[in-house]
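The lines below spell out each chain.
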Amino acid sequence: LSETVTAHGLAAQLVKSGALIPTGAQGVFGRGEDFSFATDGLSNAIQRLFGKDAERMRFPPLTPRGDLERIGYFRNFPHLLGTVHCFCGDERAHRELVKAHDAGADWTAAQAASDLVLTPASCYPVYPAMAARGPVPAEGYTVQVQSYCFRREPSADLARMQTFQMHEFVRIGSPEQARAFRDQWMETGRAFFQALRLPVELEAANDPFFGRAAGVMGQGQRTQQLKYELKTPINDDAPPTACMSFNAHLDHFGKALDLRTADGETAHTACVGFGLERIALALFRHHGINPAAWPSDVFELLEG
Ligand code: 5GP
Ligand code: ZN
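Residues numbered from 1 in each chain as written. Chains lettered and ligands numbered in written order. Predicted model: local features only at pLDDT ≥ 70, side-chain atom pairs only at ≥ 80, totals over all residues. Heavy atoms only, no water.

**Digging into the side chain of Gln-47**
Within the fold, Gln-47 resides in helix 2 (residues 33-50). We classify Gln-47 as buried; its relative accessible area is 18%. Within the local environment of Gln-47, its side chain forms a polar contact with the side chain of Arg-58, the two groups lying 2.9 Å apart. (Helix = DSSP H or I, 4+ residues; strand = E, 2+ residues; numbered from the N terminus. Buried < 20%, exposed > 50% of the residue type's maximum accessible area, 1.4 Å probe, protein only. Polar contact = N/O pair within 3.5 Å; in protein donor to acceptor, adjacent residues only side chain to side chain.)

This is how it looks when you write it as structure tokens:
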């Protein structure tokens, strides 16, 4: 049996083994050999097992700001959104910037918002790309996408990273197609965790809306059963952590981006997301710090 890993010791042990490489910023890690084995292995396994009938797309971890504005992300999650700011001054402004920096003052005053934001969920760039194709065909679209995502929530909790990889499957089509896809994936996801020998619970959930509207918005999501999560224990002193989510968006993206089905109706969408780092952390937590000592079927699944 592999060594027992306590949650409190998990971060320290992963850093000591070189699996995680701290950068000095909370929730921002480099990935060493063992962690990369886990996250890359998960990505490959997911693709091999579930990706056959999905169109593969990869986007860089940036989204045009205009697309995110159309989707309205800043209305619900302003606290999580990272915007890309760049220097756009003249030489004089540059001299002032350097002077401010060298005096230990804030040098970022001349940084202005660019036309880019950091992608908060892998599926966001997919909807504008599909809307640009014109009407959605009768069979709908199924897309498989993966990218680094950014959410501004610095934390000492290893399971809450500011930048992490999310592998998603996205369905675009009729209300029935979107809902059936989301529902069927809940069982598929559970079976995947079983194959990884990780204990899971499926729970109704809601997104972390900002401010005073959060309660109402979250409750609305729960009443309509729009979001479910598969959770597995990572931290001892905390409830199980969401490692996968199953989301019904109804016509949110369809309306925002004028995505229409062949018969002219607003398209519905759904997505399911695997959080690769959280699943990797759960593997280290449950099977030990050394992947070579993991149960052989789990190791082989990841090794491909
Ligand atoms: P959602 O869009 O449902 O919030 O996120 C999808 C999945 O991404 C989650 O189920 C989780 O596995 C992963 N995820 C969300 N937030 C974080 C985070 O702060 N850190 C890490 N490592 N993964 C996250
Ligand atoms: Zn998504």
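**A short note on the site of ligand 1**
Looking at ligand 1, there are 15 residues lining it, with Arg-151, Met-161, Lys-227, Cys-243 and Ser-245 nearest. A distance of 3.2 Å separates a nitrogen atom of ligand 1 from a polar atom in the backbone of Ala-159. At 2.7 Å from an oxygen atom of ligand 1 is found a side-chain nitrogen or oxygen belonging to Ser-245. Burial of ligand 1 by the protein amounts to 93% of the accessible area it has alone, namely 500 Å². For the shell around ligand 1, the secondary-structure elements that each account for two or more residues are strand 8 (163-173), strand 11 (241-250) and helix 10 (276-287). Broken down by element, the residue count for the shell around ligand 1 peaks at four residues, all from strand 11. In the shell around ligand 1, the residues fall into seven nonpolar, two polar and six charged. (Near = heavy atom within 4 Å. Areas by Shrake-Rupley, 256 points an atom, 1.4 Å probe, with all protein chains shown as cover. Nonpolar A, V, L, I, M, F, W, Y, C, P; charged D, E, K, R; others polar.)

**Thoughts on the coordination of the zinc ion (ligand 2)**
Of the protein atoms, only Cys-123 (SG), Glu-168 (OE) and Cys-271 (SG) coordinate the zinc ion (ligand 2), at distances of 2.0 to 2.3 Å. Ordering the donors of the zinc ion (ligand 2) by residue number gives the pattern C-x44-E-x102-C. Within this pair, whereas Glu-168 is found in strand 8, its partner Cys-271 is found in strand 12 (residues 268-275), the two being separated by 103 residues in sequence. Cys-271 gets classed as buried once you look at its relative accessible area, which sits at 4%. (Donors = N, O, S within 2.8 Å, 3.2 Å for Na, K, Ca; no water.)

**Quick notes on the sheet that holds strand 12**
If you trace the seven strands from one edge of the open sheet to the other, you get 3-7-8-12-11-10-9, paired in mixed fashion. The open sheet is flanked by strand 3 (55-57) and strand 9 (201-204), the only strands paired with a single partner. Ignoring which end each strand starts from, the neighbouring axes of this sheet average 20° apart. Note that strand 10 (residues 227-232) and strand 11 share six bridges and pair antiparallel. By the bridge assignment, Leu-230 is partnered in strand 11 with Met-244. Across the sheet, helix 2 is in contact with strand 3, strand 7 (141-150), strand 8 and strand 12; its angle to strand 8 comes to roughly 15°. (Pairing = 2+ DSSP bridges. Axes fitted to C-alpha atoms, helices over the stretch in contact; angles between N-to-C directions. Contact = heavy atoms within 4.5 Å.)

**Topic: the nonpolar core**
One finds Ile-172 and Leu-196 to be the most contacted residues of the largest nonpolar core, which totals 74 residues. Considering each element in turn, this core owes the most residues, seven residues, to helix 10. Excluding anything up to four places from it in sequence, Ile-172 contacts Val-126, Tyr-127, Met-130, Val-136, Gly-140, Tyr-141, Leu-259, Ala-267, His-268 and Thr-269. (Core = buried A, V, L, I, M, F, W, Y, C linked by side-chain atoms within 4.5 Å.)

**Thoughts on the environment of Ala-132**
Inspection of the secondary structure puts Ala-132 in the loop between helix 6 (126-131) and strand 7. Overall, the relative accessible area of 68% leaves Ala-132 in the exposed class. Separated by 76 residues in the primary sequence, Ala-132 and Arg-56 have C-alpha atoms spaced 17 Å apart.

**Some words on the sheet that holds strand 6 (residues 111-118)**
Spatially, three strands are ordered 4-6-5 in an open sheet, and the strand pairing comes out antiparallel. The open sheet terminates on both sides in strands that have one partner only, identified here as strand 4 (62-64) and strand 5 (83-87). On average, each strand axis in the sheet is inclined to that of its neighbour by 55°, with strand direction left out of account. Of the strand pairs in this sheet, strand 5 and strand 6 are connected by four bridges, and their pairing is antiparallel. Pairing of Cys-86 across the sheet is with Ala-112, part of strand 6.

**Section: the packing of helix 2 against helix 10**
Between helix 2 and helix 10, whose axes approach to 9 Å, the crossing angle comes to 120°. When the axes of helix 2 and helix 10 are compared, the pair comes out oblique. Of the two elements, helix 2 crosses helix 10, and the hand of that crossing is right-handed. The segment helix 2 lies against helix 10, with Asp-34, Phe-35, Ala-38, Thr-39, Leu-42, Ser-43 and Ile-46 engaging Leu-276, Glu-277, Ile-279, Ala-280, Leu-281, Leu-283 and Phe-284. The class makeup of the residues in the contact of helix 2 with helix 10 is ten nonpolar, two polar and two charged. (Parallel < 35°, antiparallel > 145°, perpendicular 65-115°, else oblique. Left-handed = near helix turned anticlockwise from the far one by under 90°.)

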